[in-house]
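Structure assessment
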Amino acid sequence: MIARGDVVWVDFGLPRGSEPVKIRPAVVLQEDWLLATAIETVLVVPLTSNVGLEPFPGNVLVPRDVSGLEKDSVAVVSQLGPVSREFLDPYPAGHVPAFLMKRISSGIRLATGV
């Protein structure tokens, strides 16, 4: 089972405006207790290899040596959203360490005002 902080591959589907598209990695944000339920969606933050997006408010650099990915990535906190479990690879590519999850959570609070 996937866990909070896992880096998973997600099929975001076809392009619609500025939403994430195609198959790309994302960080699982949802708490483990909720992941263990029958709820059919998972809350994720998409990752991009476009490190030029790091300076945008709230975005977080996720280095390749901690993500399990081939390239450095940026967590795009403004694109936080639910994804149906059927579009998630159940085998994580890696896991984001706690200190980066705190930064991602802070970025989400900044972006959402929560």
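Here the structure is shown first, and the text comes after it.
A brief structural summary. (Residues numbered from 1 in each chain as written. Predicted model: local features only at pLDDT ≥ 70, side-chain atom pairs only at ≥ 80, totals over all residues. Heavy atoms only, no water.)

A separate point is the side chain of Asp 6. With respect to the helices, strands and loops of the structure, Asp 6 is situated in strand E1 (residues 6–11). Here His 95 takes part through its side chain, which lies 2.7 Å from a polar atom of the side chain of Asp 6. In contact with Asp 6, not counting residues within four places along its chain, are Ala 26, Val 27, Val 28, Pro 92, Gly 94 and His 95. (Helix = DSSP H or I, 4+ residues; strand = E, 2+ residues; numbered from the N terminus. Polar contact = N/O pair within 3.5 Å; in protein donor to acceptor, adjacent residues only side chain to side chain. Contact = heavy atoms within 4.5 Å.)

Burial along strand E6 (residues 81–84) is one-sided: Gly 81 and Val 83 are buried, while Pro 82 and Ser 84, pointing the other way, are not. In terms of strand pairing, strand E3 (residues 41–48) meets E6 through four bridges, oriented antiparallel. If you follow Val 44 over to E6, its bridge partner there is Gly 81. (Buried < 20%, exposed > 50% of the residue type's maximum accessible area, 1.4 Å probe, protein only. Pairing = 2+ DSSP bridges.)

Applying the stated rule across the entire model yields one salt bridge. A salt bridge links Arg 4 to Glu 31, with the nearest nitrogen and oxygen atoms 3.8 Å apart. On the criterion of sequence distance, the pair formed by Arg 4 in the segment before E1 and Glu 31 in the loop between strand E2 (23–28) and helix H1 (32–35) is long-range, its members being 27 residues apart. With a relative accessible area of 40%, Glu 31 lands in the partly exposed category. (Salt bridge = Lys/Arg side-chain N within 4 Å of Asp/Glu carboxyl O.)

Nothing here speaks to function; it is geometry throughout.
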